[in-house]
Amino acid sequence: MHHWRGWPVPSPQHRPLKWVLSGLAASCLLLLISQYGTTIGRDAGVALLIMMLGLKLVEIQSRRDVFISCYLGYFLIITNFFYTQSIPVMLLMFVVVTVMTVSLIGLHSPSQFRIIPRFRLAGSMLLQALPVMLLLFVLFPRVAGPLWGLPQDAHTATTGMDDKMTLGKISELIQSDAIAFRVKFEQTPPPASQLYWRGPVLWETDGTTWTELDQDKQMQTKPDITYQGQHYSYTITMEPHDHRWLFALDMPQGKPKAISSFITEDGQLRSYKKIQKRTQYKLVSQTDFIFNADSEPFVQSALDLPAGQHLRTVELAKTWHQQATDEHAYIQRVLRFFREQDFYYTLTPPLIQGDPIDGFLFGSRRGFCEHYAASFTVLMRAAGIPARIVTGYLGGKINPVDNLLVVRQRDAHAWTEVWLKNEGWIRIDPTAAVSEARIERGIFELLPPERQSPRLISRSDLLVDVWQQLRNNWDALNSTWDLWVLAYGPETQKEFLSLLGMENPDWRKMTIWLVLTLTVVSALIATLLLLQRQHTDPVVRSYQRFCDKLARVGLERQAHEGPLDFCRRAQAQLPQQRAAIQHITDLYIALRYQNTPHHSAIFHSQVRQFHPEKALS
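Everything quoted here is computed from the prediction, not taken from an experiment.

Caption draft 1: View of the packing of aromatic side chains. A full pass over the atoms with the stated rule returns 30 aromatic pairs. Relative to phenylalanine 343, the ring of phenylalanine 338 lies with its centre 5.1 Å away and its plane at 70°, an arrangement referred to as edge-to-face. The exposure class assigned to phenylalanine 343 is buried, which follows from its relative accessible area of 6%. Summarising the aromatic geometry, the rings of phenylalanine 360 and tyrosine 372 are spaced 5.0 Å apart at their centres and angled 85° between planes, so their arrangement reads as edge-to-face.

If you want it as structure tokens, here you go:
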């Protein structure tokens, strides 16, 4: 309103407004502290910057204030990438950067350019900066750790698998299409029914929630695993989840080289640091293995049940165990119970009142994978068979565009492992007894049509196919963006530079290449700018044509001659063209140095009509 209507802004001449602005700033700061409890951190810091920029705009008094506001705007653009680094946000921020640059151009020369030429100039400047940006991105040496890190609140919104399980918790992830990780197999991947991606292993329960064993205890022992069957080599690109586990195809043969990690006694692959950025690692797994067949050091933890809970389930387990001939027969009896009774696999399980296990087995009988895994584990422990719950993901969907297996949060799954003497830990997925389709075809096929595609097109097979193709291409583009831009770290940089011909890339070679290429690019840009400056101005081009016409009759303009000196010399040698030479020179000086654009058409016309050779014939 100050710009449009001339309203006053806070200034020494308007002290009441100055007081109002000071009070507004103090109020905003108090509200910010009451909201976040601090001014430090991602959310509080960005909010503080927005507040400062807004208040700065209100008190603009000089060109310096406007410049400061523009520069604060550039910093504000950067803060968007603290939250997301997706392609749409990047494109949007490029537009905002262009607008900010247009503003700076307008501040430097408010009367010289209209709005459209300002945008052209801003776009040209950004395009000229693009080669330098690409060179810095590709060649600037990457370090193994970040030069600076985001504060802790930058990871509070991270969703995904948890280190504990409460009935209904995993089923909440079914609502999320967010990507958990991508997998690139070096050979044909295993069947969908073997795509168990191992994550947290849960041992202890209070009757409602299942949790992991103490990691310090597990690090004192190592698992005894004998691998069998086919090897599967693959690369996982995992999204940040703010925990330490690394998902792997059950069971990994060893640790990845790219990450400092270890394998726990219960078969978890874990990093020593939290995964707070996109992480890529290579593994080899075998889906057929024997796990701790001779002994299990934590067997008692796999038998514990909370006292006074699951009473009906414990009684049922004891009855069945007495009737069974051995442990295998008992396990099959429990699976047959799930298969033959009225149990249903549902993506929206009902809330269970009272004892969650008894309520599920003898009441609702409608549940997601964690309901079946938890109840099966309790039935095993009640019969004296050690059992634990393994959480992770099951399946995934191959993108036909780039042949990457994409595992989403909706693929989250829980299953059970039972320990039998001389056989070790054996995976048993009770969900398969109720919904074989979940295991064989994956969760996507079980989603309602409106979850597989937008509701408006879900009834048209043709539109659904088109939608799926578009989504596959978009996912492939995002995958390339994630792998080659967002995950461009030391290993990827060395791999890429090796492909370009650099032998054994290190920071010294990268620095030399960077300096040389920047020098060459800078020289090319400078040359192009000089040529552009010489030939882009239509007035200069027309005057150059005028000089070329005179040169053809023996009057070549010298480098030291200005327009007036050249005019007088030409008039002396071509007196018949004296008036035309003077008129063209006057128009050129007016257009070039006095900024009188209304003479432009006359000037160009006079140059076209000027023919000095006729005066000599």
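This is not the end of the story, as more comes after the structure.
Caption draft 2: Molecular detail of a nonpolar patch on the surface. Together, Val95, Val99, Ile115, Ile116 and Phe119 give the surface a local cluster of nonpolar side chains, amounting to about 420 Å² of exposed area. Within the residue set of the nonpolar patch, elements represented by two or more residues are α5 (87-108) and α6 (115-139). Looking at the nonpolar patch element by element, the count peaks at three residues for α6. Among the structural elements, valine 99 can be located in helix α5. You can call valine 99 partly exposed: its relative accessible area is 36%.

Caption draft 3: Focus on the sheet that holds strand β8 (residues 248-249). The strand order across the open sheet built from five strands is β8-β3-β15-β18-β19, with neighbouring strands paired in antiparallel fashion. The open sheet is flanked by β8 and β19 (424-428), the only strands paired with a single partner. As judged from the seven bridges shared by strand β15 (residues 387-394) and strand β18 (residues 412-420), these two strands associate in the antiparallel manner. Paired with arginine 388 across the two strands is glutamate 417, which belongs to β18. Seen against the sheet, helix α10 (residues 327-340) touches β18 and β19 and runs at an angle of roughly 155° to β18.

Caption draft 4: Representation of helix α3 (residues 42-58) within the structure. Compared with an ideal rise of 1.5 Å per residue, which puts 17 residues at 24 Å, α3 spans 25 Å between its outermost C-alpha atoms and is within 8% of the ideal. Along α3, the residues that are buried comprise Arg42, Ala44, Val46, Leu49, Met51, Leu53, Leu55 and Lys56. Each element contacted by the buried residues of α3 is listed here: α2 (15-36) and α4 (63-79).

Caption draft 5: Molecular detail of the pairing of β15. Here β15 lies mainly inside the structure; eight of its eight residues are buried. The sheet contact formed by strand β3 (residues 196-202) and β15 spans five bridges and is antiparallel. The residue bridging arginine 198 from the neighbouring strand is glycine 392, located in β15.

Caption draft 6: Geometry of the environment of aspartate 224. Structurally, the position occupied by aspartate 224 is in the loop between α8 (215-218) and β6 (225-228). According to the relative accessible area criterion, aspartate 224 is partly exposed, its value standing at 41%. In the structure, aspartate 224 is positioned 293 residues away from threonine 517 in sequence and 53 Å away in space, judged by C-alpha atoms. Those residues in contact with aspartate 224 that lie beyond four places of it in its chain are Ile290, Phe291, Asn292 and Asp294.

Caption draft 7: Layout of a negative patch on the surface. Negative charge collects at one region of the surface, where Glu204, Asp214, Asp216 and Asp304 lie side by side. Relative to the elements of secondary structure, aspartate 216 occurs in helix α8.

Caption draft 8: Region of the structure containing empty space enclosed by the protein. Overall, the coordinates contain two cavities of 30 Å³ or more when judged by the stated rule. For the largest cavity, the calculated volume is near 120 Å³. Around the largest cavity, the lining residues are Lys397, Ile398, Asn399, Val406, Arg408, Arg410, Phe444, Gln452, Gln468, Arg471, Asn472 and Asp475. Among the elements of the structure, β16 (397-399), β17 (404-408) and α16 (461-486) are those that each provide at least two residues to the lining of the largest cavity. When its volume is computed, the second largest cavity comes out at roughly 40 Å³. At the level of elements, α11 (356-364) and α12 (369-382) are the ones that each hand at least two residues to the lining of the second largest cavity.

Caption draft 9: View of the packing of helix α9 (residues 311-323) against α10. At a minimum axis distance of 9 Å, the contact between α9 and α10 shows a crossing angle of 130°. Here α9 lies oblique to α10, going by the angle between them. Here the hand of the crossing between α9 and α10 comes out right-handed. Here Ala317, Trp320 and His321 of α9 lie close against α10, whose contacting residues are Tyr330, Arg333, Val334 and Phe337. In terms of residue class, the contact of α9 with α10 is made up of five nonpolar, one polar and one charged.

Caption draft 10: Summary view of unusual backbone geometry. Going from aspartate 250 to methionine 251, the amide bond is cis rather than trans, its omega being 20°. For methionine 251, the location among the structural elements is in the loop between β8 and β9 (261-263). You will see that asparagine 504, though not glycine, has its phi angle at about 45°, which is positive. Considering the arrangement of structural elements, one finds asparagine 504 in the loop between α17 (490-499) and α18 (507-535).

Caption draft 11: Seen up close, the side chain of arginine 365. In this structure, arginine 365 sits in the loop between α11 and β14 (366-367). We note that arginine 365 is buried and unpaired, the nearest opposite charge coming from aspartate 342 at a distance of 5.5 Å. There is a polar contact of 2.9 Å between the side chain of arginine 365 and the backbone oxygen of leucine 361. The contacts of arginine 365, once residues within four sequence positions are left out, are Phe337, Gln341, Asp342, Phe343, Tyr344, Phe360 and Tyr372.

Caption draft 12: Representation of the nonpolar core in the model. Among the nonpolar cores identified, the biggest contains 43 residues, and Tyr330, Ile331, Phe338, Phe376 and Met380 are the most heavily contacted of them. Broken down by secondary-structure element, the contributors of at least two residues to this core are α9, α10, α11, α12, β15 and β18. If one sorts the elements of this core by residue count, α12 sits on top with nine residues. Setting aside chain neighbours within four positions, we find tyrosine 330 in contact with Ala317, Trp320, His321, Ala324, Leu379, Met380, Ala383 and Ile385. Trp245, Leu246, Phe247 and Leu283 belong to the second largest nonpolar core, which has 26 residues in total.

Calculation criteria
- Residues numbered from 1 in each chain as written.
- Predicted model: local features only at pLDDT ≥ 70, side-chain atom pairs only at ≥ 80, totals over all residues.
- Heavy atoms only, no water.
- Phe/Tyr/Trp six-rings, centres within 6.5 Å; stacked < 30°, edge-to-face > 60°.
- Buried < 20%, exposed > 50% of the residue type's maximum accessible area, 1.4 Å probe, protein only.
- Patch = residues over 30% accessible without salt bridge, like charges linked within 9 Å, V, L, I, M, F, W, Y side chains within 5 Å.
- Areas by Shrake-Rupley, 256 points an atom, 1.4 Å probe, with all protein chains shown as cover.
- Salt bridge = Lys/Arg side-chain N within 4 Å of Asp/Glu carboxyl O.
- Helix = DSSP H or I, 4+ residues; strand = E, 2+ residues; numbered from the N terminus.
- Pairing = 2+ DSSP bridges.
- Contact = heavy atoms within 4.5 Å.
- Axes fitted to C-alpha atoms, helices over the stretch in contact; angles between N-to-C directions.
- Expected span 1.5 Å × (residues − 1).
- Lys, Arg positive; Asp, Glu negative; His and termini not counted.
- Charge placed at Lys NZ, Arg CZ, Asp CG, Glu CD.
- 1 Å grid on protein atoms, 1.4 Å probe; cavity = no way out; pocket = protein on both sides within 12 Å on 5 of 7 lines; lining within 4 Å.
- Points joined across faces, edges and corners; volume = space filled by probe spheres on them.
- Parallel < 35°, antiparallel > 145°, perpendicular 65-115°, else oblique.
- Left-handed = near helix turned anticlockwise from the far one by under 90°.
- Nonpolar A, V, L, I, M, F, W, Y, C, P; charged D, E, K, R; others polar.
- Polar contact = N/O pair within 3.5 Å; in protein donor to acceptor, adjacent residues only side chain to side chain.
- Core = buried A, V, L, I, M, F, W, Y, C linked by side-chain atoms within 4.5 Å.

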